[in-house]
Amino acid sequence: MTDGVIDTSAANSNTVGAQGTARFAAVFAVVTAGIAMVNLDLFIVNVALPSIGRTFGGADLASLSWVLNAYAIVFAALLVPAGRAADLIGRRTAFLAGVIVFALASAACALAPDVWLLVVARIVQAAGGALLMPASLGLLLAAAPPDKRTGAIRGWTSVGGAAAALGPVLGGALVAANWRWVFLVNVPIAAVALLASLRVLPRADNSKKRASADTADTVRPDTVGAALFTIAIGALALALVKSDEWGWTSARVLGSIAVAAVLLALFILRSARHPAPVIEPHLLRLPAFSTATAANVVFGAAFGAMLLMVTLWCQDVWGWSALRTGLGVAPGPLLVPFFAIGAGPLARRIGPGPVAALGCAIYAAGCVFWRFNLSLVPDYPAHMLPGMLMTGTGVGLALPTLVSAGVSAVPPHRFATGSGVVTMARQVGIVIGVAILVTVLGHPSGGAAALAAFQHATVVIAAIAITAGLASLLLVRSTRGARASAAVTVAENPVAAAAEEPVRSEP
């Protein structure tokens with residue numbers, strides 16, 4: 001009270017703050033439902049392939065593999081163009097469209113009468129997922145107060161990572177009823193997310209209005225460049241996922257790699273000259289963004305290879321069912337959200353590089369544990385569980401930290417584009433990791449040969465994780481004056497750029 005007048009400014013401030021927190025919580029719930037749905041479908045189908053093959057008259061593995069590969073390739077290839085599109089048309093519009101496309105395609109997958117129509121439906125499903133994924137993070141960051149955006153990124157990443165890793169668990173349970181439920185389960189989730197989105201997500205989209213001030217956003221986006229990039233990533237992923245079947249030195253693999261290299265070169269040249277490129281060259285010149293993106297590729301390779309290795313070991317060597325295998329994988333992913341959130345304060349104190357490197361080291365230690373403890377005689381508590389706990393801890397420390405450092409290095413009006421690049425990098429890394437694992441394992445006949453092959457694979461995965469850790473250490477944190485230096489701003493505060501130019505609420 002001042003001169004008889006009651007000062008209500010503090011109360012009003014508290015009310016506004018409470019409303020902002022409630023709004024952010026609602027947006028977080030909606031967008032994480034969407035990303036959980038998309039990430040589940042990266043791995044939930046793996047355990048359903050045998051059942052799908054039996055339904056479609058014993059379709060061979062070469063045909064069935066495209067149910068997985070088509071989704072992985074299209075999802076990885078479209079993430080960056082979709083992120084750019086979300087920044088241009090509005091993140092709310094992009095998210096809603098992605099949810100609708102994903103739901104309709106999921107229903108089409110469940111109703112597919114043969115394997116190739118299922119593959120086509122999976123391609124459409126991946127396109128919907130690629131559209132909503134970067135838009136979801138852009139919406140979340142726009143709703144979060146500047147000082148809460150680091151935690152928002154970690155929450156977004158941990159939900160996605162846990163959902164991807166828990167895919168085999170849910171998939172195994174659904175396959176026990178019918179493999180078509182693996183796809184039908186997405187429909188009610190998408191319906192709830194869509195209805196909630198219409199009520200929760202802000203209609204006025206900051207990103208589009210703010211971006212309109214940029215010269216690059218006043219002209220038509222580079223659709224030719226987007227096509228070049230999509231085909232290039234698709235060709236590269238095709239070579240990787242088919243390398244074991246075709247052979248690394250075959251004309252088809254080498255030709256696909258050559259096509260990818262030429263198209264990427266053309267894409268880079270075109271992006272340097274076009275006024276509205278898919279990936280703006282200046283983003284790649286941001287040290288934190290480029291370093292975190294590269295580390296995401298390498299760690300994604302270790303992540304994808306490990307998940308597939310554990311699944312193959314439990315099912316093919318120990319002879320476990322799909323459901324039991326999924327439950328065996330679960331303890332690691334369950335640790336991810338706890339360590340992802342807990343690593344935030346540590347990253348603020350010592351910087352994201354050391355935290356991510358620590359996670360990579362713990363992850364590698366889990367793989368080394370398996371190297372010396374895997375046994376042909378099933379003993380999950382002694383031979384598998386400790387490695388799952390260590391790799392889960394490593395993922396929780398490394399993955400959210402790398403994604404946070406990369407995405408928040410870009411300007412606020414490019415959050416969706418930045419998240420598209422970083423997520424694409426992780427997905428390409430997963431494809432690379434799967435291809436490396438398949439090549440390392442080869443075709444062991446079983447018994448001692450299988451044990452030796454899997455032991456070799458654990459060493460390779462550990463080496464990849466250590467490489468990711470070394471790359472992470474390049475995310476150097478300035479000890480003083482971090483906010484004054486654009487090159488190290490993100491290391492001190494991953495959302496400093498957004499804090500300096502806050503995303504304002506629209507009237």
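Here, the structure is the one placed above.
Note that this is a predicted model, so its numbers are computed, not measured.

## Some thoughts on the overall build of the protein
Turning to step 1, where the next piece is worked out: Looking only at helices and strands, the protein features 24 helices and 0 strands.
Turning to step 2, where the next piece is worked out: Within the span of the protein, comprising 507 residues, buried residues form 55% of the whole.
Turning to step 3, where the next piece is worked out: Relative to all contacts within the protein whose residues are 6 or more apart in sequence, the contacts with residues 24 or more apart total 83%.
Turning to step 4, where the next piece is worked out: Carbon and sulfur atoms form 69% of the exposed surface of the protein, whose accessible area is close to 19,800 Å².

## Some remarks on the packing of helix α4 (residues 91–111) against helix α5 (residues 115–143)
Relative orientation and spacing of two packed helices are given, respectively, by the angle between their axes and the distance between those axes.
Turning to step 1, where the next piece is worked out: The contact between α4 and α5 brings their axes to 7 Å, and the two run at 155°. For the element pair α4 / α5, the angle class is roughly antiparallel. Both α4 and α5 take part in a crossing whose hand is left-handed.
Turning to step 2, where the next piece is worked out: Looking at the contact of α4 with α5, its residues break down into 17 nonpolar, 7 polar and 3 charged.

## Focus: the packing of helix α15 (residues 287–317) against helix α22 (residues 448–472)
Turning to step 1, where the next piece is worked out: It is at 9 Å that the axes of α15 and α22 come closest, and there the two elements cross at 160°. With respect to their mutual orientation, α15 and α22 come out roughly antiparallel. The interaxial crossing formed by α15 with α22 has left-handed handedness. Every residue of α22 that contacts α15 at T291, A295, V298, F299, A301, A302, A305, M306, M309, L312, W313 and V317 is listed here: A450, L451, F454, A457, T458, I461, I464, A465, T467, A468, A471 and S472.
Turning to step 2, where the next piece is worked out: Classifying every residue of the contact of α15 with α22 by side-chain character gives 20 nonpolar, 4 polar and no charged.

## Notes on a nonpolar patch on the surface
Turning to step 1, where the next piece is worked out: A cluster of nonpolar side chains, contributed by V101, V120 and V124, occupies part of the molecular surface with about 210 Å² of accessible area.
Turning to step 2, where the next piece is worked out: For V124, a relative accessible area of 40% translates into the label partly exposed.

## Remarks on the environment of D41
Turning to step 1, where the next piece is worked out: On the secondary structure map, D41 appears in helix α1 (residues 9–43).
Turning to step 2, where the next piece is worked out: Along the sequence, D41 and P168 sit 127 residues apart, while their C-alpha atoms lie 9.7 Å from each other.

Definitions and cut-offs
- Residues numbered from 1 in each chain as written.
- Predicted model: local features only at pLDDT ≥ 70, side-chain atom pairs only at ≥ 80, totals over all residues.
- Heavy atoms only, no water.
- Helix = DSSP H or I, 4+ residues; strand = E, 2+ residues; numbered from the N terminus.
- Buried < 20%, exposed > 50% of the residue type's maximum accessible area, 1.4 Å probe, protein only.
- Contact = heavy atoms within 4.5 Å.
- Areas by Shrake-Rupley, 256 points an atom, 1.4 Å probe, with all protein chains shown as cover.
- Axes fitted to C-alpha atoms, helices over the stretch in contact; angles between N-to-C directions.
- Parallel < 35°, antiparallel > 145°, perpendicular 65-115°, else oblique.
- Left-handed = near helix turned anticlockwise from the far one by under 90°.
- Nonpolar A, V, L, I, M, F, W, Y, C, P; charged D, E, K, R; others polar.
- Patch = residues over 30% accessible without salt bridge, like charges linked within 9 Å, V, L, I, M, F, W, Y side chains within 5 Å.
- Salt bridge = Lys/Arg side-chain N within 4 Å of Asp/Glu carboxyl O.

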